[in-house]
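A closer look at the structure
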Amino acid sequence: MMNMIESSNERNPVLKICNLSVTIKNDGRRFKIIEDVSFCVREGERWAIAGESGAGKSMTIKAITALLPEGSTEITGEILFRMPDGSWQDLLQIPYRQRHRFVAQQIAIIFQDAIHALNPNERILKQWGDTVSLHRPELAEAERKAHLLERMEIFGVRGGERTLELFPDQLSGGMRQRIAIAMALESPAKILIADEPTTSLDAISQRNTITFIQELLERNNLTLLFISHNLAILQAVCDHIIIMKDGRIVEQGTTQALFFDAKEQYTQELVRETMKIMGTGSRQDES
């Protein structure tokens, strides 16, 4: 099993994953799909989880965010969140029905295909307003609308009240993406999880979205977990990378170390393929 890697800086850990395993139960059979995953994220760090399709990236995130069904999955290990008083709360020790509310206070989530996360049958005002009400129920209707207009300015969503009255399919993909991200960040959480947020976007929209996320991280002092199979994007955004394969961590470390001095053959192969796509050579190729 991989040892947990901790940063050398003095920032406080905010999330510890210890020996996390996930088993799927189906027709009396059991399949372990995540096994002994451990890592530690410190305040303000930007972590990536990378690997090919089926490596276990999204399943790991679903376990951390309480999105796996109780009846058909079994989760063991520890998912520890640092609380404001410095104590640690294990998500798995919270009753299942209460986990979602706890996670909503700890983590803001940008899901894969975020532009499709919006309800096509509801106006932007209704669904964004409902998200605000969840986290700030004390706001009256007029205050909530003023809040939305202010957030639209911050997130570069144009059109003011006219845009709020539209349905998602009346907006561009880039605009829907910004609204979906803004809705995710209504949460007071200081940890942001981005699960393949650029998958369905063209190259220009991908670049704009990554730049936008980077600006949000700096502005709000957020800690990041970024999930992607695209190492080129992860190299640009993250300072630490976890490489997964077949539900296990193959290697983890700083971005620079894994790109230029990877120890495991699987990691080296992923980096070489990334360098080919980027049209550059790696130091490993030069040696």
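Here the structure is shown first, and the text comes after it.
Quick look at the structure, then. Starting afresh in each chain, residues are numbered from 1 along the sequence in its written order. Only residues with pLDDT of 70 or above have their local features reported here, since the model is predicted, and side-chain atom pairs are shown and tallied only from 80 upward, although totals for entire chains, interfaces and linings are computed over all residues. Hydrogen atoms and water are omitted, and side-chain values are computed over all heavy atoms in the structure.

Topic: the overall build of the chain
Selection rule: Under the DSSP-based scheme used, a helix requires at least four consecutive residues in state H or I and a strand at least two consecutive residues in state E, with every element numbered from the N terminus. When a residue's accessible area, from a 1.4 Å probe over protein chains only, is under 20% of the maximum for its type it is buried; when over 50% it is exposed; and in between it is partly exposed. Throughout, a contact is declared for two residues whenever any of their heavy atoms are within 4.5 Å. Note on areas: these come from Shrake-Rupley sampling with a 1.4 Å probe, and a residue is covered only by the protein chains present in the view.
Looking only at helices and strands, the chain features eleven helices and ten strands. For the chain, the residues scored as buried account for 47% of the 287 residues in total. Counting contacts in the chain only where the partners sit at least 6 residues apart, residues at least 24 apart contribute 65% of the total. Carbon and sulfur atoms make up 46% of the accessible area of the chain, which amounts to about 14,300 Å² in all.

Overview of the packing of helix H3 (residues 124–135) against helix H6 (residues 173–184)
Filter applied, for reference: Every axis corresponds to a line fitted to the C-alpha atoms, with the helix fit spanning only the stretch in contact, and the corresponding angles, defined between N-to-C directions, vary from 0 to 180 degrees. Every angle not falling under 35 degrees, over 145, or within 65 to 115 is termed oblique; those three ranges are roughly parallel, roughly antiparallel and roughly perpendicular. Crossings are assigned a handedness: left-handed for a near helix turned anticlockwise from the far helix by less than a right angle, right-handed for a clockwise turn. Residue polarity follows a fixed list, in which Ala, Val, Leu, Ile, Met, Phe, Trp, Tyr, Cys and Pro are nonpolar, Asp, Glu, Lys and Arg are charged, and the others, Gly among them, are polar.
Where H3 meets H6, the closest approach of the two axes is 9 Å, and the angle between their N-to-C directions is 25°. Comparing the axis directions of H3 and H6 gives the class roughly parallel. Handedness of the H3/H6 crossing: right-handed. Residues Ile-124, Gln-127, Trp-128 and Thr-131 of H3 form the contact with H6, whose own contacting residues are Ile-179, Ala-182 and Met-183. Residues of the contact of H3 with H6, tallied by class, amount to five nonpolar, two polar and no charged.

So, the sheet that holds strand S8 (residues 223–228)
Strands pair in a sheet through their backbones, by hydrogen bonds, and they do so in one of two ways: parallel or antiparallel. What counts, and what does not: Strands are treated as partners if at least two bridges between them are detected by DSSP.
Here six strands make up an open sheet; going across it, the order is S6-S7-S8-S3-S9-S10 and the pairing mixed. The sheet is open, and its two edges are formed by strand S6 (107–110) and strand S10 (248–254), each paired on a single side. The mean inter-strand angle of the sheet, taken between neighbouring strand axes irrespective of direction, is 15°. Relative to strand S7 (residues 191–195), S6 runs parallel, the two sharing four bridges. Counterpart to Ile-109 in the pairing with S7 is Ile-193.

What about the pairing of strand S3 (residues 46–50)?
Summarising burial for S3: five of the five residues are buried, a large majority. Judged by which residues are buried, S3 turns out to be covered on both faces: Arg-46, Ala-48 and Ala-50 on one side and Trp-47 and Ile-49 on the other are all buried. Summarising the sheet, S3 and S8 pair through five bridges and their orientation is parallel. In the strand pairing of S8, Ala-48 is matched with Phe-226. The pairing of S3 with strand S9 (residues 240–245) spans four bridges and is classified as parallel.

Remarks on the pairing of S10
The element S10 is extensively covered by neighbouring structure, given that five of its seven residues are classed as buried. Hairpin remark: S9 followed by S10, antiparallel, with two residues in the connecting loop; positive phi at Asp-246, about 50°.

By themselves, these figures tell us nothing about what the structure is for.
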